[in-house]
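Coordinate analysis (summary)
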Amino acid sequence: MHARVLPHYESMSAAAAAIVAGKIHEKPDAVLLLPTGTTPLGMYRRLVRLHDEGGLSFARATFFNLDEYLGLPPDHPASYRVYMRENFYDHIDADPGQVHVPDGSAPDPEAECERYEVAIREAGGADLCVLGIGRNGHIGFNEPGAPFDSRTRVVRLSESTRLVNAADFEENRAPEKAITVGMATVFEAREILLLASGANKANAVAAAIEGEVSEDVPASMLRRHPNVTFLLDHESAAAMELGDE
Ligand code: F6R
């Protein structure tokens, strides 16, 4: 495990974008497993800039998203499909046939989970999985207690996650359920990068990096992965005993 502490959100985002861009340079047909949320916005902005100004091409890459709310129409402004289009996919040269987001409006969500898991497997698994971290230590929507051997499935969101995400919804109520790739699916990625920013992540980060490895803190399980980097800004690293980079 590697933990790098960068001074600010912007430097953390730049380091994250450099790692993703490096993967695409090394393997233009890489398979990426990607997060939504506030944390990766700076990384996506930089990747779009590298595409626009630096000629970075994603044309041969394959993209999977980690999760999606259940029961939202695909064009709902708070859906992760819309988020990804607006913040990333519409601004790069991704092949639309190689862009995958779980379908939260699928009539048979269980079948959709199975389809999604098979699609990731058939693509060869993820070369690089980028993650954020919830204040409760969740990764994707694998909430505390998520089994280590879990696969893509329908999950019930914790009340704390729904509260944090409520602001994205007009009615101020987040959906109760989501589709998320599983812990095992994440773990099979050949490389994992977890991004964290801000003081409200400090406890989750400390628990993940310095606490017990336990399903109660899903991100702590990443420490068993042979190729994982935690990219942290100073504030999110504040509760750790470990020194700076
Ligand atoms: C979103 C996801 C979540 C977020 C986490 C942090 O696709 O997988 O695990 O990464 O909830 O969200 P932010 O970055 O908004 O604090």
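Anyway, here's the lowdown on the structure attached to this text. Predicted model only: the values in this text are computed from it and were never measured.

Right, let's get into the sheet that holds strand β7 (residues 153–156). The strand order β4-β8-β7 describes an open sheet built from three strands, whose pairing is antiparallel. Across the chains shown, the open sheet's two edge strands, defined by having one partner strand only, are β4 (67–69) and β7. Within the sheet, the average angular offset between the axes of one strand and its neighbour, ignoring direction, is 30 degrees. Pairing of β7 with strand β8 (residues 177–180), which is carried by four bridges, proceeds in the antiparallel orientation.

This part takes up the sheet that holds strand β9 (residues 192–196). In a beta sheet, neighbouring strands are held together by backbone hydrogen bonds and run either parallel or antiparallel to one another. Taking strand neighbours across the sheet as the criterion, the seven strands line up as β1-β10-β9-β6-β2-β3-β5 in an open arrangement whose pairing is parallel. The sheet terminates laterally at β1 (2–6) and β5 (99–100), the two strands that pair on one side only. Helix α4 (residues 109–122) contacts β2 (31–34), β3 (62–65) and β5 of the sheet and is inclined by roughly 145 degrees relative to β3.

The next subject is the side chain of Thr62. Tracing the sequence through the fold places Thr62 in strand β3. Since its relative accessible area comes to 9%, Thr62 is described here as buried. Among the polar contacts made by the side chain of Thr62, one reaches the side chain of Gln98 at a distance of 3.1 Å. Sequence-distant contacts of Thr62, that is, excluding residues within four places in its chain, are made with Ala30, Val31, Leu32, Gln98 and His100.

With that out of the way, let us pick up the site of the ligand. Taken together, 13 residues form the shell around the ligand, and within it Thr39, Asp67, His138, Gly140 and Lys201 come nearest. In the model, an oxygen atom of the ligand is placed 2.6 Å from a nitrogen or oxygen of the His138 side chain. In this structure, Lys201 approaches the ligand through a side-chain N or O atom, which is 2.6 Å from an oxygen atom. Coverage of the ligand by the protein chains reaches 88% of its 410 Å² of free accessible surface. Of the residues contributing to the shell around the ligand, the split by class is three nonpolar, eight polar and two charged.

According to the stated counting rule, one finds 13 aromatic pairs in the structure shown. Aromatic side chains Tyr44 and Tyr83 sit 6.4 Å apart centroid to centroid with 75 degrees between the ring planes, which places their arrangement in the edge-to-face category. Taken together, the positions of Tyr44 in helix α2 (residues 41–54) and Tyr83 in helix α3 (residues 80–87) put the pair 39 residues apart, joining distant regions of the chain. The same class applies to Tyr44 as to Tyr83, namely buried. Cluster of aromatic residues (ring-pair linked, three or more members): Tyr44, Phe58, Phe63, Tyr83, Phe88 and Tyr89.

How each quantity is defined
Residues numbered from 1 in each chain as written. Predicted model: local features only at pLDDT ≥ 70, side-chain atom pairs only at ≥ 80, totals over all residues. Heavy atoms only, no water. Pairing = 2+ DSSP bridges. Helix = DSSP H or I, 4+ residues; strand = E, 2+ residues; numbered from the N terminus. Axes fitted to C-alpha atoms, helices over the stretch in contact; angles between N-to-C directions. Contact = heavy atoms within 4.5 Å. Buried < 20%, exposed > 50% of the residue type's maximum accessible area, 1.4 Å probe, protein only. Polar contact = N/O pair within 3.5 Å; in protein donor to acceptor, adjacent residues only side chain to side chain. Near = heavy atom within 4 Å. Areas by Shrake-Rupley, 256 points an atom, 1.4 Å probe, with all protein chains shown as cover. Nonpolar A, V, L, I, M, F, W, Y, C, P; charged D, E, K, R; others polar. Phe/Tyr/Trp six-rings, centres within 6.5 Å; stacked < 30°, edge-to-face > 60°.

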